[in-house]
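One-letter residues, chain by chain:
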Amino acid sequence: MKYYLGIDIGTSGTKAVCFDTQGKVMTSKSVAYDLLTPKPGYAEENPLDWIYATKETIREIALEGYEISGIGLSGQMHGLVLLDAEDNLLRNSIIWCDNRAIAEAEELIHHFGNERMKAITGNEVVASFTLSKLLWVKNHEPDIYQKIAKIMLPKDYVRYCLTKAFTTEYSDASGMQLLNIYDKKYAKEILEYLELTEANFPKLMESYEISGYLTEDVAKELSLSTHCFVVGGAGDQAAAAIGNGITERGDVSVVLGSSGVVFSPILKSDLKENKVQVFMHAVPNTYHIMGVTNGCGLSYKWLKESLFADKDFNELNQKAEEIPPLSSGLIYLPYLNGERTPHMDPYASGTFIGIRQNTTEGHFVRAVLEGVAYSLKDCFELLPNGEYKIRISGGGAKGELWRTIIASCLNEKVERITQAEGGALGVAILAMVADKVYPSVSDATKHIIKTLDVTSPKDSWVQEYKKGHVLYQEAYQSLKKYYEKAFNI
C-alpha cells in the first residue's frame, strides 16, 4: 500500500496528515509555534520553528510504520525568507499578515503605478505581499539586504531543508507580486528595481511535478527512504481548494482559517475582468480569483484568549446561539491586521460598535461570527455574476452556528465534504498525481471528494443580515479616516 503525506505549514502550527490513495486519513500529527509581534502591525515567525515542526510530525508518522511514497507541501502565502550564500537565515520571516511595508507599497505605486502592477502581476500593489516586504528590508535593513543570496516562501524553505531543491511553484509564487502571471516568468522590470536577478529566486514549476527527493541525511533522520519525493505543492489557499474539489469555473471555496478566503477558479481569458485579487491555481492552465479578510479565525481566537480565556469554544458557541441575529446592535469589524478585500487598508483595526450595559459574552461572540460573515460577503459580492457551488472548510467550518450565519449572510447553500483536512489533502493529491495514481488533479478530486452535509440559509435571518451588512459597510466608511490617524499612536 502506498501512502502520501500532506503537510500544511500554517500560521499557528504545522500539521502533517498521512493519506492512502483513496484520500482516507491514516494518521495525523501537529506541532504549534509562536507568532512574533515585536511592534504594532508587525508579524514574524522563526523559519526554524517550521523545520522542527515539519520534521517532528513526519518522524512521528514514520514511527507508526507508514512508508511514505511522496510528500506535498502547503504553506502560508506572501511570507519572506532570506538566506545568505552559506544558506544561513538572515532574519525572521516577515509573514503574510505583516503590514509594516506601507511606505514601500506607496513607493512601488509611485514608481510603477497600480495599473502597470496589475498588468504585470494581476494585482494592484499590496503592502502585505512579498514584494513590499522585500523592499522594506532593502530600505530599513541594508546590511541584511546586501547579503541576500536566496529568497523563498515559507513552504519552499521547508522544501529546501528537506531536499536541497531551490524551487517553487506557480500558485504560491504568483502571490509574491514578483511574477508576470501572464507569461509565468519572474518580472524583469520588478527585479531590476530591486537590484536582484532570477538567480536569487527559486526555479518555477507546476504544483504536481516532483521537485526533489529527501536528502540522505534527512531521510535517515526521519526514518524514510531517499526514494520519497516532494512535489511542487501549493500556496495554502490553492491547496485547500484542491482538497475541497474546487478545480473548475463555478466552484467556490470559503475557507475559515486564520484568515477568511473566498476562492474561485477562472481561465486566463477571464483575467482582465476580475475585481478581486488573482493568482495562479495549482491546477495547470488555471487561475483563480480570491477575496481575503485578514481577521477570520484570528478574530475568534483573539476574543477567546483576550476576553474569555476561562471558556472553551463550545461554551462560547452556546452563548452565541442564545443571541438573536444582529447581536442586539453590536457590530464587529474584524480588522485586527488591517484589511485586504475589498478595502486594501493596512490602517484598519478591529472594532466593536454598539456596546451597551446589557451586552453579554454571547453578544460579543455572535458579533464576531457575524462580522467575519459580513467581511466574507464583501469578498463574495465581487465575484462575477453567476451560479456557484460553494464548499466551506477550515477550523471555523466545524461550528454549525457559524456555517448557518455565513449561509444566511451570503443567502447561499454551503457544502462541507467528508474529508476535513483541506490543504493537507490538496497537496497529498498533488503527490498522488505525480506518482501516476491519478491521471490529473481534477480526476483525483472527483474520485476522492465526497459531500458530508449542506447548510442552508435561515429565511428569517437572510433579511436581518442584509440590514446588518449595510450597517457594517457604513461603519467602516465612517471610521476610515480615524484608522489612519490612529495607526501610529
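First things first, this report covers the structure right here in the doc. (Residues numbered from 1 in each chain as written. Predicted model: local features only at pLDDT ≥ 70, side-chain atom pairs only at ≥ 80, totals over all residues. Heavy atoms only, no water.)

1. Looking at the packing of helix α13 (residues 361-380) against helix α14 (residues 400-410)
Remark: α13 packs on α14, axes separated minimally by 9 Å, with the N-to-C direction vectors making an angle of 40 degrees. Overall, the two elements α13 and α14 adopt an arrangement that is oblique. By crossing handedness, the relation of α13 to α14 is classed as right-handed. Contacts from Arg366, Leu369, Glu370, Val372, Ala373, Tyr374, Leu376, Lys377 and Phe380 in α13 reach Leu401, Trp402, Ile405, Ile406, Cys409 and Leu410 in α14. Partitioned by chemical class, the residues of the contact of α13 with α14 number 12 nonpolar, no polar and 3 charged. (Axes fitted to C-alpha atoms, helices over the stretch in contact; angles between N-to-C directions. Helix = DSSP H or I, 4+ residues; strand = E, 2+ residues; numbered from the N terminus. Parallel < 35°, antiparallel > 145°, perpendicular 65-115°, else oblique. Left-handed = near helix turned anticlockwise from the far one by under 90°. Contact = heavy atoms within 4.5 Å. Nonpolar A, V, L, I, M, F, W, Y, C, P; charged D, E, K, R; others polar.)

2. Brief notes about the pattern of salt bridges
With the rule as written, the count across this model stands at 31 salt bridges. Of the charged contacts in the structure, one is a salt bridge between Glu169 and Lys155, with a shortest N-O distance of 2.8 Å. Pair noted here: Glu169 is in strand β9 (residues 167-169) and Lys155 is in helix α6 (residues 154-163), with a separation of 14 residues, a long-range link. Glu169 gets classed as buried once you look at its relative accessible area, which sits at 0%. Owing to a relative accessible area of 0%, Lys155 belongs among the buried residues under this scheme. Arg391 serves as the salt-bridge partner of Glu415, at 3.1 Å between the closest nitrogen and oxygen. (Salt bridge = Lys/Arg side-chain N within 4 Å of Asp/Glu carboxyl O. Buried < 20%, exposed > 50% of the residue type's maximum accessible area, 1.4 Å probe, protein only.)

3. Some words on the side chain of Thr27
Along the chain, Thr27 falls in strand β3 (residues 25-32). In this structure the side chain of Thr27 is engaged in a polar contact, spanning 3.2 Å, whose partner is the side chain of Glu64. The contact partners of Thr27, leaving out residues within four places of it in the chain, are Ala16, Val17, Cys18, Ile61, Glu64 and Tyr66. (Polar contact = N/O pair within 3.5 Å; in protein donor to acceptor, adjacent residues only side chain to side chain.)

4. So, the packing of helix α11 (residues 297-307) against α13
Axis separation between α11 and α13 bottoms out at 9 Å; the angle between their running directions is 165 degrees. With respect to α13, the element α11 is oriented roughly antiparallel. α11 and α13 meet at a crossing whose hand is right-handed. Facing α11, whose interface residues are Ser299, Tyr300 and Leu303, α13 presents Phe364, Val365, Val368, Leu369 and Val372. Class assignment for the residues of the contact of α11 with α13 results in 7 nonpolar, 1 polar and no charged.

5. Focus on the pairing of β3
The pairing of strand β2 (residues 13-19) with β3 spans 7 bridges and is classified as antiparallel. Across the sheet, the residue bridging to Ala16 is Lys29, located in β3. Here β2 hands over to β3 after 5 residues, with Gly23 in that stretch at a positive phi of 85 degrees. (Pairing = 2+ DSSP bridges.)

6. Some details on the packing of aromatic side chains
A full pass over the atoms with the stated rule returns 20 aromatic pairs. On the basis of an interplanar angle of 90 degrees and a centroid distance of 5.0 Å, the ring pair of Phe352 and Phe364 is categorised as edge-to-face. Highlighted residues: Phe352 in strand β21 (residues 351-353) and Phe364 in helix α13, separated in sequence by 12 residues. Like Phe364, Phe352 is buried. Clustering of aromatic rings is evident, with ring pairs tying together Tyr335, Tyr374, Trp461, Tyr465, Tyr472, Tyr476, Tyr482 and Tyr483. (Phe/Tyr/Trp six-rings, centres within 6.5 Å; stacked < 30°, edge-to-face > 60°.)

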